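Listed here are the chains, written in short residue letters.
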Amino acid sequence: MSVCRPARCLFSKTPSLPKPTPLHHPRSFHTTLPRPARRRPHYPNIKASDLALLNAAAEESYPKYSTSETDLLRKKYTPSQIAAIKAAESAIDPRDLLTQGQRRTDPWQLSYEDDLAEVDPVTDHAPKLKPSDIKGPKDFREANMVERDEAIAQIANENLAKMYPNGVPEGQLSPEEHRKLEEAIEVAMAQAAMDPRTVYYSSNPKAVESLADPRHSVVLPDLPRIENRVARQTRRLSTEEEEDPRQKQLLKYLGWDKEKLRSIRVKTLIVHGVTNQTRMGKIRSLYYLTIAGNQDGLLGVGEGKSVEPEEGRKQSVMAAIRNMRPVPRYENRTIYGDLEKKVGATKVLLCSRPPGFGLRTQHLIFEMARAAGLQDLAARVPRSRNKMNVIKATWEALTSQKLPDEIARARGKKLVDVRKVYYGGSVY
Amino acid sequence: MSLVNLAHVCSHLQNASKARLGVTSIPVSKLHVRLMLGLQKEGFLSSVTLGGTTPPKPFILQKQPHPEELEKMADTLKEEPWNAYPVERQNPLGKEKVHVEHVPSNPARRRLWLGLKYWNNEPVLRNMKLISKPTRRIWLNSEDLGKITRSREAGFVKGLTHPGECMFVTTDRGILEARECVERRIGGMVLCRVW
């Protein structure tokens, strides 16, 4: 090796090799993504030039009314309506419409693009008439028998005419047609007898007419049934709802109704597969552990196991609701003092806490406390954290609390609750 | 004042109540006697009796007054209930039956017999734990005791957080419950907690 070679290497330049760019963080010490060098604003800046473009776009998509259009409008609307339309349009900036406006695409959208010529029973108020709209005198009295019969006859005739717009069939009738006609007459008579026009008599026929006019009624007319594909598919009939025999049995056992059962908070906390080894082979099934609570001092834990997943889950839910036991709560928010419970190798320590502390516990105990309606609780699970045992230990601890009254009774002491004495008894 | 013996007593009482014993015995010492009387005052024990190696005669087997006398006593009490607390030398209820328990003259053979209590099939005294240890005794003043009775930690002693928990303190006024110490503003060496 010659001596000058290293010198040449030292002094020569290698323009082909790129220099390594200096990195701020050559090696990442954590898994979170590094922040970009320059912080981007949360919203794009709008420059004055862009604003001009926006103005132009808004002008294009939401143009102002031209003179010909205003003329057309004037033909259809009164000047006051046109003024209202203009005021409404000027209240909304077209640029806002362009940047923030969105068109609804959901099936329940209201048809906003409307010329407001028709009364929509869903969006609009039903048309109303005032007493002043009735022309002539508004005197009335209770109709006597003769007047009532006359009115009934007239209204029944009107109703019949509505049922047979082509005239009541006459002459020889087949028995089927005869029966139909008689039915129609009966219906018409019944409707007429129920009509308020037959009860009252007025010298002004307009006043009598107003009795049957729905626009004068205080009762709002029924909303129309929405008929589209989505509404048809989402509609449920009471007959379609299947009756679960297990649920029925449970309701009978508890003496509850379905409404009360629906108010129970149920949550499946543990699901895992288990296998039974037989000489024929392995039988796989699923194990479920569910808690149930009414969030007002009742808590239950239930287990279920089945080859069918849904069956096992249902079993556990029913067992949890059936196993609900009362949880004594201090001031309806926390427990009475500290609790300890050991199940297997799992030990659970539950501590009562002051108001506003919250549920600072691990997730399983948190769910149970929520279902039971506890609001302030701290917990530790110092030993094994087997999920099933944690739940069982917590449940046992919460339901087997010793109350101060009972402790005092056991020790032969007298206990007085002074919470009702302080602050005029307003503290619980 | 051996805390080692007290530790033995604590675990013995826990074991005895777990085994649902009615009566149990512990070695006699002034500390034990005062502490057990404190426990009885707090309602953890039904009876504290000095005796020998055999348990003392239970109350039902002791000599009882005649039924007629009992009836007379009840009538007197009904008329004049203040006679339940007789004044010196005048007892209209008749002479009180006192059961004398034999105590061995040899102090080594004496035992302290304790009656344990149960309520609703549950022992009243379930846990009894030493706070001061033979190797590390803890003295607390009344401020610290006040914090502890309000379920806060003070002087490296955990607060009384269990429902109905009691703590016994040995002071120059005898063995007292922690709450009584706070009331009388005296501190002392904490012995044990019971719940």
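Residues numbered from 1 in each chain as written. Chains lettered and ligands numbered in written order. Predicted model: local features only at pLDDT ≥ 70, side-chain atom pairs only at ≥ 80, totals over all residues. Heavy atoms only, no water.

Here we come to the overall build of chain A. Secondary structure summary: chain A contains 15 helices and 10 strands in total. For chain A, the proportion of its 428 residues judged to be buried stands at 24%. Sequence-distant contacts in chain A: of pairs separated by 6 or more residues, those separated by 24 or more amount to 60%. (Helix = DSSP H or I, 4+ residues; strand = E, 2+ residues; numbered from the N terminus. Buried < 20%, exposed > 50% of the residue type's maximum accessible area, 1.4 Å probe, protein only. Contact = heavy atoms within 4.5 Å.)

Bringing the sheet that holds strand β5 (residues 298-306) of chain A into the picture now. Within a sheet, neighbouring strands are paired by backbone hydrogen bonds and run either parallel or antiparallel to one another. All names here are of chain A. Reading across from one edge, β3-β4-β5-β6 is the order of the 4 strands in this open sheet, with antiparallel pairing throughout. Among the strands making up the open sheet, the edge pair consists of β3 (265-277) and β6 (325-326). Examined bridge by bridge, strand β4 (residues 282-293) and β5 share 8 bridges and lie antiparallel to one another. Each bridged residue has a counterpart across the sheet, and for Gly293 the counterpart in β5 is Leu299. Sitting on the sheet, helix α13 (residues 363-372) touches β3, β4 and β5, and the angle it makes with β5 is about 125°. The strands touched by helix α14 (residues 387-399) are β3, β4, β5 and β6; relative to β5, the strand with the most contacts, the crossing angle is about 150°. (Pairing = 2+ DSSP bridges. Axes fitted to C-alpha atoms, helices over the stretch in contact; angles between N-to-C directions.)

Its identity is not glycine, yet Gln295 of chain A carries a phi of approximately 60°, on the positive side. Relative to the helices and strands, Gln295 of chain A is located in the loop between β4 and β5.

This part covers the packing of helix α1 (residues 3-18) of chain B against helix α2 (residues 30-41) of chain B. Residues and elements named next belong to chain B. Axis separation between α1 and α2 bottoms out at 11 Å; the angle between their running directions is 35°. Relative to α2, the crossing made by α1 is right-handed. Facing α1, whose interface residues are Asn5, Leu6, Val9 and Leu13, α2 presents Leu31, His32, Leu35, Met36 and Leu39. Looking at the contact of α1 with α2 residue by residue, the class counts come to 7 nonpolar, 2 polar and no charged. (Left-handed = near helix turned anticlockwise from the far one by under 90°. Nonpolar A, V, L, I, M, F, W, Y, C, P; charged D, E, K, R; others polar.)

Residues and elements named next belong to chain B. The residue Glu101 is located in the loop between α3 (67-79) and β3 (111-116) in this model. On a C-alpha basis, the gap between Glu101 and Lys57 in space is 7.8 Å, while along the polypeptide they are 44 residues apart. In this structure, Glu101 is in contact with Leu50, Pro56 and Lys57, ignoring residues within four places of it in sequence. Reaching out from Glu101, the side chain makes a polar contact with the backbone nitrogen of Lys57 at a distance of 3.5 Å. Within the local environment of Glu101, its side chain forms a polar contact with the side chain of His99, the two groups lying 3.2 Å apart. (Polar contact = N/O pair within 3.5 Å; in protein donor to acceptor, adjacent residues only side chain to side chain.)

A few words now on the packing of helix α10 (residues 245-254) of chain A against helix α12 (residues 309-322) of chain A. All names here are of chain A. It is at 11 Å that the axes of α10 and α12 come closest, and there the two elements cross at 5°. Considering the angle they form, α10 stands roughly parallel to α12. Residues Arg246, Gln247, Leu250, Tyr253 and Leu254 of α10 lie in contact with α12, whose contacting residues are Glu311, Lys314, Gln315, Met318, Ile321 and Arg322. Tallied by class, the residues present in the contact of α10 with α12 amount to 5 nonpolar, 2 polar and 4 charged. (Parallel < 35°, antiparallel > 145°, perpendicular 65-115°, else oblique.)

On to the interface of chain A and chain B, then. With 12 residues of chain A in contact, the opposing surface of chain B contributes 17 residues. When chain A packs against chain B, the two sides together hide about 1,200 Å² of surface, and 50% of this comes from carbon and sulfur. One can count 1 salt bridge joining chain A with chain B. Among the salt bridges present, the one from Glu42 of chain B reaches Lys413 of chain A, with a minimum N-O distance of 3.3 Å. Joining chain A to chain B, the criterion identifies 5 residue pairs in polar contact (both at pLDDT 80 or more). It is helix α15 (residues 404-411) of chain A that provides the largest number of residues to the side of chain A that touches chain B, a total of 5 residues. When its residues are assigned to classes, the side of chain A that touches chain B shows 3 nonpolar, 2 polar and 7 charged. (Buried area = accessible area lost by both parts, 1.4 Å probe. Salt bridge = Lys/Arg side-chain N within 4 Å of Asp/Glu carboxyl O.)

Any functional reading would require information beyond the geometric quantities listed.
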